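What follows is each chain in one-letter form.
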Amino acid sequence: MLASRYISHRLASRQLLRRAHSAALPKLNSVDADDIAHFSKFLPSSAILSTLPPASTTSSELSPFNNDWMNKYHGKSTTVLRPRTAQEVSEIVKYCNERGIGIVPQGGNTGLVGGGVPLQDEVILSLGNMNKVRSFDPVSGILVADAGCILESLSEYLSPHHHIVPLDLGAKGSCQIGGNVSTNAGGLRLLRYGSLHGSVLGLEVVLPDGTILNQLSTLRKDNTGYDLKQLFIGAEGTLGIVTGVSILAAPAPQSSNNVILALPKFDNVLPLFVEAKKQLSEILSAFEFFDREVYELAVKHGQGRALNEEDVAGAECFVLVETSGGKREHDEEKLNGLLESLMESDTPLINTGVLSQSPSQFSQLWAIREGLTEAVSKEGKAYKYDISVPLAKFKEVVDTTREHIRSKGLLHDDAVKHVVGYGHVGDGNLHLNVVAANYTPEIEAALEPFVYELVASYKGSISAEHGIGAMKVHALQYSKSAESIEWMKRIKKLFDPRGIMNPGKVLE
Ligand SMILES: O=C(O)CC[C@@H](O)C(=O)O
Ligand SMILES: [Zn+2]
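So, how was this worked out
Residue indices begin from 1 for each chain and proceed along its sequence in written order. Chain A is the first chain written and ligand 1 is the first ligand written, with later ones labelled in order. Per-residue local features are limited, in this predicted model, to residues with pLDDT of at least 70; the limit for side-chain atom pairs, both in listing and counting, is 80 or more; totals at the level of whole chains, interfaces and linings are taken over all residues. The side-chain values count all of the structure's non-hydrogen atoms but skip hydrogen atoms and water molecules. UniProt positions are given in the numbering used here, feature names are shortened, and annotations may be inferred rather than shown by experiment. Segments assigned H or I by DSSP are reported as helices when at least four residues long, segments assigned E as strands when at least two residues long, and all are numbered from the N terminus. Here the globule rule is a power law, 2.2 Å times the number of residues to the power 0.38, and the radius of gyration is based on C-alpha atoms. Under the scheme applied here, a residue whose accessible area is under 20% of the maximum for its type counts as buried, over 50% as exposed, and between as partly exposed, the area being computed with a 1.4 Å probe on protein chains only. Contacts: residue pairs with any heavy atoms within 4.5 Å of one another. Surface accessibility in these figures is a Shrake-Rupley result with a 1.4 Å probe; residues are shielded only by whichever protein chains are displayed. Nearness is judged by heavy atoms alone; a residue qualifies as near a molecule or strand once a single heavy atom is within 4 Å of it. By the criterion applied in these results, polar contacts are pairs of N or O atoms within 3.5 Å in which, for protein atoms, one can donate a hydrogen and the other can accept it, and in which residues neighboring in sequence qualify only through two side-chain atoms. The domain limits used here are those given by an automatic or database domain assignment. By buried area we mean how much accessible surface two parts lose on assembly, using a 1.4 Å probe and totalling the loss over both. Only one rule defines a salt bridge in this text: a Lys or Arg side-chain nitrogen within 4 Å of an Asp or Glu carboxyl oxygen. Each metal's donors comprise the N, O and S atoms found within 2.8 Å of it (within 3.2 Å for Na, K or Ca). Water is not part of the atom list, so some coordination spheres may appear incomplete. All axes here are fitted lines through C-alpha atoms, helices being fitted over the stretch that makes contact, and every angle between N-to-C directions spans 0 to 180 degrees. Roughly parallel covers angles under 35 degrees, roughly antiparallel covers those over 145, roughly perpendicular covers 65 to 115, and oblique covers all other angles. Crossings are classed by handedness, with left-handed meaning an anticlockwise turn of the near helix from the far one by less than a right angle and right-handed meaning a clockwise turn. In this count, Pro and Cys sit with the nonpolar residues alongside Ala, Val, Leu, Ile, Met, Phe, Trp and Tyr, while Asp, Glu, Lys and Arg are called charged and the others, Gly among them, polar. Only strands joined by at least two bridges in the DSSP assignment are considered to pair. When charges are counted, neither His nor the chain ends are considered; positive counts come from Lys and Arg and negative counts from Asp and Glu. What the arc covers is the set of directions going from the helix axis to the C-beta atoms. Nonpolar core, defined: a set of buried Ala, Val, Leu, Ile, Met, Phe, Trp, Tyr and Cys residues in which side-chain atoms within 4.5 Å join the residues together.

Where an unreviewed UniProt entry is consulted, the protein chain appears under the name FAD-binding domain-containing protein, with the organism given as Cristinia sonorae. What UniProt records for the protein chain under Cofactor (unreviewed entry) is the sentence "FAD". Its UniProt record gives the protein chain a comment under Sequence similarities (unreviewed entry), which states: "Belongs to the FAD-binding oxidoreductase/transferase type 4 family."

If you want it as structure tokens, here you go:
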């Protein structure tokens, strides 16, 4: 009974997938020279990059805006606008809405699901010129910043005030806080600081009709009915453009330590996590996992400093544990205590642990984990599946996918070179990466809907933290019910009746 229900679900989802692929984008207008002349009335020429006259940008100058980080999605936009204020954003959006011109809001363009680049020739609205901190209150720890502030520069700003942004990710040197909020970025320390749905206190958003919705609250408590800002966190710019963010910064830890643990088998990750939570309790700030194969890629492509041969020998996977606490001696004692108990037990959960002894070693260990995405991209073209599945299934998902690819005769150097897994154990978020020589329809057909069905069979999510973007629009039904999708569509229609905001992303 169960089996036949599963099969009919599979058939139904295949049909859905086929239908979804043929769905059309809303009919929108292209920008023309008159539009550029209009933008020139309120924007300086330096804020208008366009191949249309009177501007004279070349298409190669627009290329970094039209192509995504993975070089998988290629837009054909003729025009990038770089406003400096919410008022300018509002004027652009109001005009585009009236003219029926599509808009793609773009932050650091570091997204991994094609959500930040046009699918056709929409205007790209780049937030990079809105990059000022508006205020910081060291008493409450509340930071108000323009959407275009780079995440790392906000950390640098907060450092002398003994605070940190409650969000950290590998792309911190280029991603922007507005993009982080719009994609509800999770990152490396969600385990400790929670999601942006909790730490964002307020937003300033320009709605598709040009209204500036000022919800830049600096209140920790505000229980006055519908919390509209939550709608824009993770909406990927489909409901409006986030132009300002109010966020609760966390007190900077006085002491940070990390260790990379080499595990003889994946099955040890779970009990190790339980043990780490028990022994480190409140000072545990990250618990990150990566398998041996992706570690080898990091080494091959020079990400971080390789661990010693003897530390790697016999390891099936690795875990990076970070502590952030208030007192160095106390934290070191706790971490050392954990390591000793792990090594000394009758059936040790780990082979070895490489403990950082200095700030530079601390960064080097993190560089391995943070460099995995880069390493994978240097090795080939990655099919990225950013999924939530039960922790105990992480390895099964990677192995099952690899076997499936093998059974299709696609596991060889000219097709799929590696099937690897890494991710955020503490959040149940696995990054399944299928690294191929090239993106090909054959590999895609082997992977989809296979991976999505696998995720659905574990009642997981097809997007844990990267979002839907353009990449997973056709697969939303694996993680959302028909009723939820219907209500999402109604909300979209309410905010953006003409469908100008980031067309073709999140929803069909
Ligand atoms: O490369 C990926 O698939 C994941 C990127 C990022 O979310 C990470 O956790 O490193
Ligand atoms: Zn991640």
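Draft legend 1. Representation of the overall build of the protein chain within the structure. The helix and strand tally for the protein chain stands at 19 helices and 18 strands. Computed over its C-alpha atoms, the radius of gyration of the protein chain comes to 23 Å, within 12% of the 23 Å expected for a compact globule of 508 residues. Referenced to the eigenvectors of the C-alpha coordinate spread, the extents of the protein chain come out at roughly 75 × 60 × 45 Å. Classification of the 508 residues of the protein chain by burial places 53% in the buried group. For the protein chain, contacts bridging at least 24 residues in sequence account for 74% of all contacts bridging at least 6. Accessible surface computed for the protein chain: about 21900 Å², of which carbon and sulfur atoms make up 52%.

Draft legend 2. Spotlight on the UniProt feature "domain: FAD-binding PCMH-type" (unreviewed entry) in the protein chain. The UniProt record annotates "domain: FAD-binding PCMH-type" (unreviewed entry) at residues 73–252. In residues 73–252, helix accounts for 22% and strand for 24%; the two terminal C-alpha atoms are 38 Å from one another.

Draft legend 3. Geometry of the site of ligand 1. By nearness alone, every residue bordering ligand 1 is listed as L112, R369, T373, K384, Y422, H424, H431, N433, E465 and H466. Separating an oxygen atom of ligand 1 from a side-chain N or O atom of H424 is a distance of 3.0 Å. One of the side-chain nitrogen or oxygen atoms of H431 is found 3.0 Å away from an oxygen atom of ligand 1. Here ligand 1, which alone exposes 290 Å², has 87% of that area covered by the protein. Residue assignment for the shell around ligand 1 shows that the elements contributing at least two residues are β17 (416–424) and β18 (429–436).

Draft legend 4. Region of interest: the domain arrangement of the protein chain. Domain boundaries assigned for the protein chain yield domain 1 (25–126), domain 2 (133–251), domain 3 (255–372) and domain 4 (380–466). Here the C-alpha centroids of domain 3 and domain 4 sit 24 Å apart. Facing the 15 residues of domain 3 at the interface are 18 residues of domain 4. Each partner contributes to the roughly 1400 Å² buried at the junction of domain 3 and domain 4, and carbon and sulfur atoms together form 66% of this total. Residues R402 and E293 are paired through a salt bridge, measuring 3.5 Å at the closest nitrogen-oxygen approach. Linking domain 3 with domain 4 are 5 residue pairs in polar contact (both at pLDDT 80 or more), by the criterion used here. Of all the secondary-structure elements, those providing two or more residues to the side of domain 3 that touches domain 4 are α10 (269–280), β13 (284–291) and α11 (292–300).

Draft legend 5. Layout of the coordination of the zinc ion (ligand 2). Within the first shell, the zinc ion (ligand 2) binds the protein through H424 (NE2), H431 (NE2) and E465 (OE), at distances of 1.9 to 2.1 Å. Sequence positions of the donors to the zinc ion (ligand 2) reduce to the motif H-x6-H-x33-E. Of this pair, H431 sits in strand β18 while E465 is found in the loop between α18 (450–457) and α19 (482–495), placing the two residues 34 residues apart along the sequence. In this pair, the class of H431 matches that of E465, namely buried.

Draft legend 6. Spatial organisation of the packing of helix α2 (residues 33–42) against helix α4 (residues 86–99). Look at α2 against α4: their axes get within 10 Å of each other, and the N-to-C directions meet at 155 degrees. Looking at the two axes, α2 sits roughly antiparallel to α4. As for how α2 packs across α4, the hand of that crossing is right-handed. Along the contact surface, α2 presents D34, D35, H38, F39 and F42, while α4 presents E88, E91, I92, Y95, C96 and R99. Taken together, the residues that form the contact of α2 with α4 break down as 5 nonpolar, 1 polar and 5 charged.

Draft legend 7. Region of the structure containing the sheet that holds β13. Reading across from one edge, β15-β12-β14-β13-β17-β18-β16 is the order of the 7 strands in this open sheet, with antiparallel pairing throughout. Since the sheet does not close on itself, it has two edges, and those belong to β15 (352–355) and β16 (381–388), each with one partner. When the angles between neighbouring strand axes are averaged without regard to direction, this sheet yields 15 degrees. Of the pairings in the sheet, the one linking β13 to strand β14 (residues 317–325) comprises 7 bridges and is antiparallel in character. Bridge pairing links F287 to V321 in β14. Lying on the sheet, helix α13 (residues 328–344) is in contact with β12 (255–263), β14 and β15; it crosses β12 at an angle near 10 degrees.

Draft legend 8. Spatial organisation of the side chain of D68. The topology assignment puts D68 in the loop between α3 (59–66) and β2 (79–81). It is K72 that comes nearest to the buried, bridge-free D68 among opposite-charge side chains, at 7.6 Å. Those residues within four positions of D68 in sequence are excluded, and the remaining contacts are Y73, N109, G114 and V117.

Draft legend 9. Spotlight on unusual backbone geometry. Residue P54 is reached from P53 by a cis peptide bond, and omega for that bond is 5 degrees. For P54, the location among the structural elements is in the loop between β1 (48–50) and α3. The residue H162 is not glycine, and still its phi comes out positive at about 60 degrees. Mapping H162 onto the fold places it in the loop between α5 (151–158) and β7 (163–164). Among the residues examined, H162 registers a relative accessible area of 55% and is labelled exposed. One non-glycine residue with positive phi stands out, namely S281, at about 35 degrees.

Draft legend 10. Just α11, in detail. For α11, every residue scored as buried is listed here: V294, Y295, L297 and A298. Around the axis of α11, the buried residues are gathered within 155 degrees of arc, so they sit on the same side. On its buried side, α11 packs onto β13, α12 (309–312), β14, α14 (359–370), α15 (372–379) and β17. Positive backbone phi, approximately 65 degrees, marks G302, located one or two places after α11.

Draft legend 11. View of the nonpolar core. Core analysis: the biggest nonpolar cluster contains 57 residues, and L261, V269, L272, F287, V321, Y385 and L430 have the highest contact counts within it. It is α10 that contributes the most residues to this core, 5 residues altogether. Taken together, domain 3 (255–372) and domain 4 (380–466) each give at least three residues to this core, which thus spans both.

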